[in-house]
Amino acid sequence: MDIYDVLLRDFPFLLKGLGVAIVLLVALLIIGFVLGLAICLLQLYGPKTRLVQWPLKLYERVFRGIPIIIMLFIFYYGMSGIFEISAFGAAVLAMGLRSAAYQSQIFRSAFQSVPSGQMMAARAMGMSKMVAIRQIIFPQAAIHAIGPWTNEFSSEIKETSLAYVIGVVELTRQAHYIITSTQGNVLTVFAVVALLYFVLNRVGNSLLYAYERKLAVPGFGK
Amino acid sequence: MADDLILDVQEVKKAYDGVEVLKGISFGLYRGETKVLIGPSGSGKSTLLRCINQLTVPDAGRIYLNGKEVLDSNIDTMRARMGFVFQDFNLFSHLTVLDNVRICQIKVNGINKDDATQRAHRELERVGLSERANAYPAELSGGQQQRVSIARALAMDPDVLLFDEPTSALDPELTGEVVRVMQQLAVEGMTMVVVTHEMSFARQAADEIIFMENGHIVEQGTPAELFDASASDRTRAFLNIIKEHE
Ligand SMILES: Nc1ncnc2c1ncn2[C@@H]1O[C@H](COP(=O)(O)OP(=O)(O)OP(=O)(O)O)[C@@H](O)[C@H]1O
Ligand SMILES: [Mg+2]
């Protein structure tokens, strides 16, 4: 059996690996989005006391400052002594928490790009702070955030392959299985895998670009 | 007459870093009245206007709108009754002109979308911008943006409109269109407080002019009293400087 037959036979495994990578990606992005937004809102609109702000800052620094592989090891091997956690769960948690640190920064600078006059006008018209944030600040911040967020999306796709190191059976590990079972053919197998990552990246990016165009407002932010 | 007192400003004080910029300002505004606030830069005009709707929180004093005190607890309802027109427009830049004029009617006053749309079109017509309903703010000239912001305020059916130098950010050739809208509002009996350096507007449209300096009201009176027969050296000096610049 040459490598192409093997690839054809094992392609469903690669697709399964891709599926795992996508689920991991979506899960970590959701965690990152929700937590990142919460952090950003607390930083901008929450109590300005050190008790609240300092831990948020520390969180951001820690998760941005430590290599993701170390985080994966800590969350998988380190935590499994304390509570039961699957490799996949550890990967979602480690990468999601880190993405939250990045996304909170993206959101923060997006919110800060909205001129203060917008909030002032909204409040002057009788909007409560909550309504003003929801109706005026959010939609404008979204326009500022979508570009950088697309970058975060792209880099997280690529980072999912690192979950390999704690044994998550995602795309890269499936590829590795094929290679070990056929002794070699590294180049061909990884070329196919590279193509799969690339296609996923392009599809995701195209969707996000389309969304960016949909949000676009003539002359906005100029 | 007493219940026609729309706005009652009593002894408003405000200090920044220990420097008092409003030293106890009082005045009343009756239904249909246009008051024009003039004074040198830094005299506290903007601060006073912003204290009225609490965009700046005064240190002391009371504000009554239609006999009800403006308080922390009712501030959003009170603000909805006071339109505010900013020097730099502050239109919501992600929304079309129509949505700018509609959104607060819907989200603040709870008006249904159809009625809000009708009202928005009426107010846009009033400021001469019906054809631009679907444009975005960045696609309009400054004068047009300011007229939209006036329409936005009018659509809330406010008891009073507060203008903070509505023409100061505009190129000279664009001030006319905004001043004309304000003049028309004054004629129609809108109740307004206008901070402006447009003396022709003050002369024609003001029922009363208040001259402020250093956080005090120096003098107040009809345009004729202030422009032609001011009792105050300070007022005359200020008006002379303005005249030289015109
Ligand atoms: N947020 C602030 N913090 C500190 N000082 C302020 C603040 N806002 C206004 N001031 C000061 O208060 C004084 C009055 O300012 P204000 O803007 O009310 O004057 P104005 O009469 O509107 O002047 P202009 O004609 O230039 O608009 C000024 O000395 C100004 O520097
Ligand atoms: Mg001012």
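Structural notes, computed from the coordinates. Given the structure is predicted, the values throughout are model-derived calculations rather than measurements.

## Details of the interface of chain B and chain A
When the parts come together, some accessible area is lost, and that loss is often what is quoted as the size of the interface. Each side of the interface is counted separately: chain B has 23 residues, and chain A has 21 residues. Together, Asp76(B), Phe92(B) and His94(B) form the three largest contributors to the area buried by chain B at its contact with chain A, with a combined 28%. Counting across the chain B and chain A interface gives one salt bridge. We note a salt bridge from Arg123(A) to Asp76(B), for which the minimum N-O separation is 3.5 Å. Applying the counting criterion to the chain B and chain A interface returns six residue pairs in polar contact (both at pLDDT 80 or more). Put simply, the parts of the chain that give the side of chain B that touches chain A at least two residues each are α2 (75-81), β6 (82-85) and α3 (97-107) of chain B. When grouped by side-chain class, the residues that make up the side of chain B that touches chain A number 13 nonpolar, four polar and six charged.

## Comments concerning the packing of helix α6 (residues 129-159) of chain A against helix α8 (residues 186-215) of chain A
All names here are of chain A. Orientation of α6 relative to α8, taken along the N-to-C sense of each, is 175°, at an axis distance of 10 Å. With respect to their mutual orientation, α6 and α8 come out roughly antiparallel. Here α6 contributes Ala-142, Ile-143, Ile-146, Gly-147, Trp-149, Thr-150, Phe-153, Ser-154, Ile-157 and Lys-158 to the contact with α8, which in turn contributes Tyr-197, Leu-200, Asn-201, Gly-204, Asn-205, Leu-208, Tyr-209, Tyr-211, Glu-212 and Leu-215. Looking at the contact of α6 with α8 residue by residue, the classes come out as twelve nonpolar, six polar and two charged.

## Considerations on the pattern of salt bridges
Side chains bearing opposite charge may pair, as long as their charged atoms lie close to each other. Residues and elements named next belong to chain B. Summed over all chains, the structure comprises 20 salt bridges over all chains. Among the salt bridges present, the one from Glu-123 reaches Arg-119, with a minimum N-O distance of 2.8 Å. Linking Glu-123 with Arg-119, this pair stays in helix α4 (residues 113-126), spanning four residues, or about one helical turn. According to the relative accessible area criterion, Glu-123 is buried, its value standing at 2%. The exposure class of Arg-119 is buried, given its relative accessible area of 16%. Residue Glu-177 is joined to Arg-147 by a salt bridge in which the shortest nitrogen-to-oxygen separation is 2.5 Å. Residue Glu-177 is located in helix α6 (residues 172-187), and its partner Arg-147 is located in helix α5 (residues 142-154); the two are separated by 30 residues in the primary sequence. Residue Glu-177 shares its accessibility class with Arg-147, and that shared class is buried. Within the structure, one salt-bridge network assembled from shared partners comprises Arg-119, Glu-123, Arg-126, Asp-157 and Glu-188.

## A closer look at α5(B)
The end-to-end C-alpha distance of α5(B), which contains 13 residues, comes to 18 Å, matching closely the 18 Å that a straight helix rising 1.5 Å per residue would cover. α5(B) sits mainly inside the fold: 13 of its 13 residues count as buried.

## Thoughts on the sheet that holds strand β7 (residues 160-164) of chain B
All names here are of chain B. Spatial ordering of the open sheet is given by β6-β7-β8-β3-β9-β10, a layout of six strands whose pairing is mixed. Looking along the sheet, the strands with just one partner apiece sit at the ends: β6 and β10 (216-221). Ignoring which end each strand starts from, the neighbouring axes of this sheet average 15° apart. Bridging between β7 and strand β8 (residues 192-195) involves four bridges; their strand directions are parallel. Among the inter-strand pairings, Leu-162 is bridged to a residue of β8, identified as Val-193. Sheet contacts for α5: β6 and β7; angle to β6, the most-contacted strand, approximately 170°.

Calculation criteria
- Residues numbered from 1 in each chain as written.
- Chains lettered and ligands numbered in written order.
- Predicted model: local features only at pLDDT ≥ 70, side-chain atom pairs only at ≥ 80, totals over all residues.
- Heavy atoms only, no water.
- Contact = heavy atoms within 4.5 Å.
- Buried area = accessible area lost by both parts, 1.4 Å probe.
- Salt bridge = Lys/Arg side-chain N within 4 Å of Asp/Glu carboxyl O.
- Polar contact = N/O pair within 3.5 Å; in protein donor to acceptor, adjacent residues only side chain to side chain.
- Helix = DSSP H or I, 4+ residues; strand = E, 2+ residues; numbered from the N terminus.
- Nonpolar A, V, L, I, M, F, W, Y, C, P; charged D, E, K, R; others polar.
- Axes fitted to C-alpha atoms, helices over the stretch in contact; angles between N-to-C directions.
- Parallel < 35°, antiparallel > 145°, perpendicular 65-115°, else oblique.
- Buried < 20%, exposed > 50% of the residue type's maximum accessible area, 1.4 Å probe, protein only.
- Expected span 1.5 Å × (residues − 1).
- Pairing = 2+ DSSP bridges.

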